[in-house]
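Structural overview for review
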Amino acid sequence: MAGGIDPIRRPRRFKALSLTRLVPNVATIMGMCAGLTSIRFAMQDRWEAAVAAILIAGIIDGLDGRLARMLNASSRFGGELDSLSDFVCFGVAPAMMLYFWSLHEFGGIGWALSLLFAVCMMLRLARFNTQMLGEPELPTWAYRFFTGVPAPAAAALAMWPIVLTFQFGEGIFDSPYIVAPYGVIIAGLMVSRLPTFSFKKVKVPRAWVLPLMLAFGASVAFLVSSPWLTLSVIAGIYFITFPLSYRSYRRMGVENQQEQDKADEEDDDGEPDDDPDEGLNRVHQN
């Protein structure tokens, strides 16, 4: 109002949310607390508890997104919260564990390598977030793969030398001369363009449902009776999937490109392409 007093503006009220819509965010916070607690256990040399805390954080990370979709509670706030939690649980916590456990023997160099792992995790999560916001739509088959090793899997692989030491004793896998190059490899795999299987997108044929359930039940039984040996075997099998996922990704890319070229030729009513080698030179990338 000109020459007068502006009317009093009442504070904007926030829309009330149902308790069920808060459940995924609460789960994410619980996962972050588990990741931070693993650092405390590592500082107390309680390595088995520290590894278990990271594994619990990984399980919660796999559940909170599904809870959000089931409860129709997905939000941008929840996505940002999940990304921050992933950095703490799967970037900072494993890096600190590796430093306290072995890399501290290298002094400043060991600390720099721990920082490298955390930085690569941060870069991976930032790349993932920007791809979700600005990347063009990918073909359906491409969503069966991650670009690089995902955050929870990278954290689990980073702890593989610790788990192997639990199983086979000290003297080899706890050596900083083994842990240092291994940690650099895992950090590089996180930010690499290597296609890795996204198992949540895998469709199981009917004939394989019962054998897969039996294998899962056996894995749980072995995990209870011999947890460190079972986790070591699972990590080794996951490594074996890398060349298989790369080969599968390339094969699907070539098949998809051939189908597109065939469709283009049909749209052109049989007219030849200007450059017949163009389709062979194009490589689909995430």
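Residues numbered from 1 in each chain as written. Predicted model: local features only at pLDDT ≥ 70, side-chain atom pairs only at ≥ 80, totals over all residues. Heavy atoms only, no water.

Our next topic: the overall build of the protein chain. A count of helical and extended segments in the protein chain gives 10 helices and 2 strands. Along the chain direction, N to C, the helices and strands of the protein chain fall in the order α-α-α-α-β-α-α-α-β-α-α-α. With 286 residues in all, the protein chain has 35% of them scored as buried. In the protein chain, the share of contacts with a sequence separation of at least 24, taken over all contacts with a separation of at least 6, comes to 82%. Accessible surface computed for the protein chain: about 18600 Å², of which carbon and sulfur atoms make up 64%. (Helix = DSSP H or I, 4+ residues; strand = E, 2+ residues; numbered from the N terminus. Buried < 20%, exposed > 50% of the residue type's maximum accessible area, 1.4 Å probe, protein only. Contact = heavy atoms within 4.5 Å. Areas by Shrake-Rupley, 256 points an atom, 1.4 Å probe, with all protein chains shown as cover.)

With that settled, consider the nonpolar core. Counting residues in hydrophobic clusters, the biggest one holds 45 residues, and the most contacted among them are Met97 and Leu157. Among the secondary structure elements, those contributing two or more residues to this core are α1 (19-43), α2 (47-70), α3 (76-101), α4 (108-134), α5 (151-158), α6 (160-168), α7 (176-191) and α9 (227-267). If near-sequence neighbours (up to four positions away) are discounted, Leu157 is found in contact with Val149, Tyr182, Ile186, Ala235, Tyr238, Phe239 and Phe242. Core analysis: the next-biggest nonpolar cluster, separate from the first, contains 5 residues, Ala142, Phe145, Tyr249 and Met252 among them. (Core = buried A, V, L, I, M, F, W, Y, C linked by side-chain atoms within 4.5 Å.)

The UniProt record marks residues 21-41, 108-129, 141-163, 175-192, 204-222 and 228-246 with the feature "transmembrane region" (unreviewed entry), using the residue numbering of this structure. Its end C-alpha atoms 34 Å apart, residues 141-163 is made of 52% helix and 13% strand. Helix makes up 89% of residues 175-192 and strand makes up 0%, while its end C-alpha atoms are separated by 26 Å. (UniProt positions renumbered as here; feature names shortened; annotations may be inferred.)

With that settled, the discussion passes to the packing of α1 against α2. Relative orientation of the contacting elements α1 and α2 amounts to 165 degrees, with a least axis distance of 8 Å. Relative to α2, the element α1 is oriented roughly antiparallel. Judged by the twist between their axes, the crossing of α1 over α2 is left-handed. Along its contact with α1, which presents Val23, Pro24, Ala27, Thr28, Met30, Gly31, Ala34, Gly35, Ser38, Phe41 and Ala42, the element α2 presents Trp47, Ala49, Ala50, Ala53, Ile54, Ile56, Ala57, Ile60, Asp64, Leu67 and Ala68. In terms of residue class, the contact of α1 with α2 is built from 17 nonpolar, 4 polar and 1 charged. (Axes fitted to C-alpha atoms, helices over the stretch in contact; angles between N-to-C directions. Parallel < 35°, antiparallel > 145°, perpendicular 65-115°, else oblique. Left-handed = near helix turned anticlockwise from the far one by under 90°. Nonpolar A, V, L, I, M, F, W, Y, C, P; charged D, E, K, R; others polar.)

Moving on, we get to the pattern of salt bridges. Under the definition given, this model contains 1 salt bridge. Residue Arg251 pairs with Glu255 through a salt bridge whose shortest N-O separation is 3.5 Å. Residue Arg251 and its partner Glu255 are located together in helix α9, separated by 4 residues, close to a single helical turn. Residue Arg251 is classed as partly exposed on the basis of its relative accessible area, which comes to 43%. (Salt bridge = Lys/Arg side-chain N within 4 Å of Asp/Glu carboxyl O.)

For the coordinates displayed, the defined rule picks out 12 aromatic pairs. Relative to Tyr177, the ring of Phe106 has its centre 5.1 Å away and its plane inclined at 75 degrees; by these criteria the two rings are edge-to-face. Of the two residues, Phe106 sits in the loop between α3 and α4 while Tyr177 sits in helix α7, which places them 71 residues apart along the sequence. Each member of the aromatic cluster is reached from another via a ring pair, and the members are Trp160, Tyr182, Tyr238, Phe239 and Phe242. (Phe/Tyr/Trp six-rings, centres within 6.5 Å; stacked < 30°, edge-to-face > 60°.)

Together, Phe199, Val202, Val204, Trp208, Val209, Leu212 and Met213 make up an exposed nonpolar region whose accessible area comes to about 700 Å². Relative to the assigned elements, Phe199 resides in the loop between β2 (195-197) and α8 (206-225). (Patch = residues over 30% accessible without salt bridge, like charges linked within 9 Å, V, L, I, M, F, W, Y side chains within 5 Å.)

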